[in-house]
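The residues making up each chain are set out below.
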Amino acid sequence: MTTAVRTSSLPVRNDPQALPPWKLVLPRGGYVSSTEALTTAMGVPGFVLLDLGTLAGGNDAHRLLGLRYLIANGEVWRTHFGWQRSLETALRRELNDEVRVQDLLSEAEDLLARLREARASITTADRDELAGYMEDGLLRALKRRDFEDERLLKFLILMQDEPSLRDKAAELLRARAAELYREDPQVLDLLYAAVHRLGTYPATTVSAGQLKYILVADKGEMGVRATREALALGKIPVVLHSLTDDKDALQVRIAREGGGFAVGLEGNFRESYANYVQIADKVRAEFARRFGDGWKEELARAGLYPGYGPLAENAAAIRHFRQESIVFVGPMQDVVENAGDKRKFRLMAQEFDPAAVTPGLVIDSDDPGEIQRIILETHAAGGFTFPGRLKAANGGGGRGQAVIPTEEQVPQAIQKVLGEIKAYNWQPGVMFEQNIPETIHLEVQVLRDRYGNTRHFGMRDCSEQRASQKIQEEAPPALLRRYPGLEERICGLAVRIAERVGYVGAGTVELMFKDGKFYFLEMNTRIQVEHPVSEESYGIKRKRGRVPVNLVAWQMRIADGQAIDFEQQHVVQTHCSREFRINAESWKPELRDSRDGGKGLFLPNAGVFDRIALPDADALRESLADKGVSDLKIRFDCGFEEGDVLVNKDPTFGKLIVSVSSKDPDNAYELLRLASLEVLKRLKIEGRQVRPDGTPIADAPFKTNIEDHVRILKMPLFKRHSNNDDRGRHVNWVVAAFRAEG
C-alpha cells in the first residue's frame, strides 16, 4: 500500500531516458527484449520488435529502432542479463542452420563491442560536428539505409546521452516533415524512428503516404461521417458493424456503394463495437480471405478509426490492435493512460499554472483511514473549504465520485468512492477537490501530428446539459467577449498540455469557468461529439483562399503520416455557431427522475424515419439579412435516412449546426439565437414510434427534442446569455428551468 500526497506544483519533468545506468529504457508499460533489439538491429529476417507492431517504416524502421534500444540498453543487457542464451534459442527456433546461428551470435558480440567503442571514441570535436550533421549527413545516411555508418552511430549515441541534441533532432523532424512527406516519405519514417523518444510508444500511423483503408469502428452519425470522409480522401472504407443491429445501416450502404466493404460483428452493442478482440480477429480474417498471401501488406495500409465510440480512449484496445499490427487512428496507449489519469492531469496542469486547478490534493492511497486523515489535516491547514468532491483517479462517466457537504460526511464519501473503485477494478488513488458549484463548462479543441506540430481551434461552451450530457454547444463562447486575452491564455495552456503528453490526433482539454476564473478538469483523448461546432466557426487561410476546417479528415491524414501544414495564425474565426444534438427523446414533466429524485426528465423513444427535411439556407439568409446576418450556414450530420429505423441506439441520431456571421460582432450571438430558432422551427423530422423489435406502434408519433431546443432558446436566461449576460447560467440550469416551468 502506498500513500503520497501532492498539493502543489510538480518538479521539473522527468526525462524517461535519463535513467540510472542499471535501468532499462522501454516504452511505458511495454517491453523490448535484448533478443528483439539484437536481431532487428542486425536485420535478421523474420524478427521485429514485437510490441511495436504498427511502427511506420516497416523493417527498416524496426532495424533502426532496434539499434537505438541497443544503444540505450546494450550495456545493461550485456552485464546484467544472460542475453546470449535467449538469443541462441530464438535463432535456433527460427533458423535451421547451425553455422548461421553461430555467425549471428558472433555478429551480436561484435555489434555490442562496436557500440561500446563508438561511445568511448566520441570527442568534443565530434559533438560540435554532429550538431551540424543533422541538417545533411543524417538524412543522407537514412536515405542509403546505412545504419552501420560511424557518424550515424555516434549521432544516435550522443542523442541518447544528451537531451539538448534530442531536442534539436526533434525540431529538425518537425521542421522538415511536410517537405519530406512530399519528396521522400520513406526517409521521413526513418527520421521519425531515429528521433522518437524511446521511453514512449511511437505514433500508430501507417508508413507515410501509404494509407489505403479506413476501418470505421463507430456507428450512427459518426460512423456515417467517417465513411464519407474516407471516400472523399480517396480511401477505401471498411465498415465494422453489428450483425444484430446494423447490417443494413447507412454507413454500411455508403461504404458498399463507394467500393468499400463491411465486416460483420457478432452480438449486441457491447459484444460487438466494444469487443476489440473480436474486431481484430474478424478484420484479420476478412483481409486474409480477400487478399490471400498479400493480406498482411494490405492490412499494414489500414487505419482503424474509433470516432467517439467504445474503442476511443481505450488503452487496452489500442495495445491489442498494435500487437495485432492494426494501426489505431488516434493517440498511443501510454498517452491515453497518462492523459486519462485525472491525478496526472491535475498535477501537470498546476505545474503550468498553479491557479488553473481547483484547490485540493491528490492522494495515492487505498486506505480509508489514511485518506480521511490527509483530507481533514489539509482542510484544517486552510488547503480548501467544504463542500468538496472526492473522485476516483481513473473514474469516468460521473461514476466514482461523491460530493461532501461537510467534514463530518468525509467517511461515508470515502467508503462510497473506494467501493466503486473496487467494483469497477480501477487503479487505486483518489483526488479531493473543493467543490465549485454552478460552473460554466468550456473546452479547447486541439490537433497534433506525430512530428510535434500542435494547433488549436479555439474554445467551445458546452453548458447546456441534461443528466450530465451536453445537448447544445457554442463556439466560440459568447462569454469570452467580457474577458479579453483569456481565450489566448487558456488555449496556450491546452497546447502545452497536448505537447507534454505527446498527443497525436484530435483531442479536447476540458475546464470549468466561473467569475473570470478557470479550472482545468481533464483531457479527452478522442474527438468529441461536438467537434462540428468548432469546424463551422473557423477556417484555415491558404494561398488560394480560405478552406473549411475538417477535423475528421485531419485525423485520417495524420494517420497517413502527414504533417499539419498550416500555422496557428492561419486558423481564423469566420462565424459564431451553435450545435444542437437532435435526440430521440422529449421532456416529460410528470415523470420522476430516479437519478436525483426530481420531477421531470427527458424520456427516449425509438422510431422509423418517414421524413427528414432541412430548411433552405439561402431563403433563410435572405429573410434574416435585414436583421444584420451577413452569412448563414446550416449543417445536419445524421446517421439515418428516410425509411431507416432507430432502435437500440444512442438517442442522439443527428447534430444540427447553425452558424452566422455579422457586421456587428456585438450582436452576433443574438442573431445566432434568432437564426437558430428559425432553423429549428423549419426542421422537419417525422416518423412513427417502434417497439424494440422495430414494429411500428399505432397512433404513436416519433418524438424528438427539437421543440425542447426551441424552448431553451426562448427562455429569459438564454436571451440574456446571447446579449452578454450569463447570470444564473451553469451546467445544470436547463433541467432546473424546465422543472420550474412545469
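Since this is a predicted model, take the numbers as computed values, not measurements.

## Remarks on the overall build of the chain
What the chain contains, in helices and strands, is 26 helices and 27 strands. Taken over the C-alpha trace, the chain has a radius of gyration of 28 Å; the compact-globule value for 742 residues is 27 Å, and the two agree within 12%. Projecting the C-alpha coordinates of the chain onto the three principal axes gives extents of approximately 85 × 65 × 50 Å. Contacts in the chain between residues far apart in sequence, at least 24 positions, make up 70% of those at least 6 positions apart. Approximately 30,700 Å² of the chain is accessible, and the part contributed by carbon and sulfur atoms is 47%.

## Focus: the sheet that holds strand β2 (residues 213–216)
Sheet architecture is open: five strands sit in the order β4-β3-β2-β5-β6, paired in parallel fashion. Two strands lie at the open edges of the sheet, namely β4 (261–265) and β6 (327–328), each paired on one side alone. Pairing of strand β3 (residues 236–242) with β4, which is carried by five bridges, proceeds in the parallel orientation. Note on β4: the bridge partner recorded for S242 is L265. Set on the sheet, helix α12 (residues 276–291) makes contact with β2, β3, β4 and β5 (302–305); between it and β4 the angle comes to about 140°.

## Examining the pattern of salt bridges
By the definition in use, this model includes 68 salt bridges. As a salt-bridge pair, R322 and D51 come within 2.9 Å of each other at their nearest N and O atoms. Pair noted here: R322 is in helix α14 (residues 315–323) and D51 is in the loop between α1 (34–41) and α2 (58–80), with a separation of 271 residues, a long-range link. One exposure class covers both R322 and D51, and it is buried. Between R729 and D461 there is a salt bridge, and its shortest N-O distance comes to 3.0 Å. With R729 in the loop between α25 (716–722) and α26 (733–741) and D461 in strand β12 (residues 454–466), the pair connects residues that are 268 residues apart, well separated along the chain. Exposure class is identical for R729 and D461. Each is buried. Members of the salt-bridge network, linked through shared partners, are R225, E229, E535, E536, K633, R635 and D637.

## Structural notes on the pairing of strand β13 (residues 469–475)
It is a general feature of regular strands that their side chains alternate between the two faces of the sheet. Across the seven residues that make up β13, a large majority, six, are buried. The pairing of β12 with β13 spans four bridges and is antiparallel. Opposite Q465, over in β13, you have K470 as the bridge partner. The hairpin turn running from β12 into β13, its antiparallel successor, is two residues long, and A467 in that turn takes a positive phi close to 55°.

## Here's the deal with the sheet that holds strand β26 (residues 684–690)
Sheet architecture is open: four strands sit in the order β24-β22-β26-β27, paired in antiparallel fashion. The sheet is open, and its two edges are formed by β24 (645–646) and β27 (696–701), each paired on a single side. Here strand β22 (residues 607–613) pairs with β26 via six bridges, running antiparallel. Each bridged residue has a counterpart across the sheet, and for F609 the counterpart in β26 is G687.

## Some thoughts on the side chain of D449
Inspection of the secondary structure puts D449 in the loop between β11 (440–448) and β12. Notably, D449 is buried but unbridged: the nearest opposite-charge side chain belongs to R448, and the N-O separation is 6.3 Å. Here Y451 takes part through its backbone nitrogen, which lies 2.9 Å from a polar atom of the side chain of D449. Only 2.8 Å separates the side chain of D449 from the backbone nitrogen of I564, close enough to count as a polar contact. What D449 contacts, discounting residues up to four positions off in sequence, is Y503, V504, I558, Q562, A563 and I564.

## Describing the packing of aromatic side chains
Applying the stated criterion across every chain yields a total of 23 aromatic pairs. Consider the rings of Y213 and F291, whose centres lie 5.8 Å apart with planes at 55°: the pair is tilted. Here Y213 is found in strand β2, whereas its partner F291 is found in helix α12, with 78 residues between them in sequence. Ring plane angle 90° and centroid distance 5.2 Å describe the contact between W587 and F738, whose orientation is recorded as edge-to-face. With W587 in strand β20 (residues 585–592) and F738 in helix α26, this residue pair connects regions lying 151 residues apart in the sequence. We classify W587 as buried; its relative accessible area is 9%. Judged by relative accessible area, which is 0%, F738 ranks as buried. These aromatic residues form a ring-pair network of at least three members: Y213, F261, F287 and F291. The positively charged end of R450 is found above the aromatic ring belonging to Y192, 4.8 Å away from the centroid.

## Focus: the state of the cysteines
Under the criterion given, the structure shown has zero disulfides. Cysteine C462 remains unbridged, with the sulfur of C491 as its closest cysteine sulfur at 13 Å. For C462, a relative accessible area of 0% corresponds to the buried category.

## A look at α1
Given 3.6 residues per turn, any residue in an α-helix points the same way as the ones three and four places further on. Of all eight residues making up α1, eight are buried, and the element is well covered by its neighbours. For α1, the set of buried residues is S34, T35, E36, A37, L38, T39, T40 and A41. Where the residues of α1 are buried, they touch α2, α3 (83–94) and α4 (98–121). After α1 finishes, the residue G43 shows a positive phi value of roughly 75°.

## As for the confidence of the model for the chain
Of all residues in the chain, 97% have pLDDT values of 70 or greater, and the mean over the chain is 93. Below pLDDT 50 for its whole length, residues 1–17 participates in 44 contacts with residues either more than four positions away or in separate chains.

## Considering the nonpolar core
The biggest cluster of nonpolar side chains holds 136 residues, and the ones touching the most others in it are F155, F520 and M523. Considering every element that reaches this core, the biggest residue donor is α2, with ten residues. Setting aside anything within four residues of it in sequence, one finds F520 in contact with F345, A349, A356, V357, I490, L493, A494, V509, E510 and L511. Counting 45 residues, the second largest nonpolar core, distinct from the first, contains L624, F653, L683 and A737.

What counts, and where the lines are drawn
Residues numbered from 1 in each chain as written. Predicted model: local features only at pLDDT ≥ 70, side-chain atom pairs only at ≥ 80, totals over all residues. Heavy atoms only, no water. Helix = DSSP H or I, 4+ residues; strand = E, 2+ residues; numbered from the N terminus. Rg over C-alpha atoms; globule rule 2.2 N^0.38 Å. Contact = heavy atoms within 4.5 Å. Areas by Shrake-Rupley, 256 points an atom, 1.4 Å probe, with all protein chains shown as cover. Pairing = 2+ DSSP bridges. Axes fitted to C-alpha atoms, helices over the stretch in contact; angles between N-to-C directions. Salt bridge = Lys/Arg side-chain N within 4 Å of Asp/Glu carboxyl O. Buried < 20%, exposed > 50% of the residue type's maximum accessible area, 1.4 Å probe, protein only. Lys, Arg positive; Asp, Glu negative; His and termini not counted. Polar contact = N/O pair within 3.5 Å; in protein donor to acceptor, adjacent residues only side chain to side chain. Phe/Tyr/Trp six-rings, centres within 6.5 Å; stacked < 30°, edge-to-face > 60°. Lys NZ or Arg CZ within 6 Å of the ring centre and 35° of its normal. Disulfide = S-S within 2.5 Å. pLDDT = per-residue confidence, 0-100. Core = buried A, V, L, I, M, F, W, Y, C linked by side-chain atoms within 4.5 Å.

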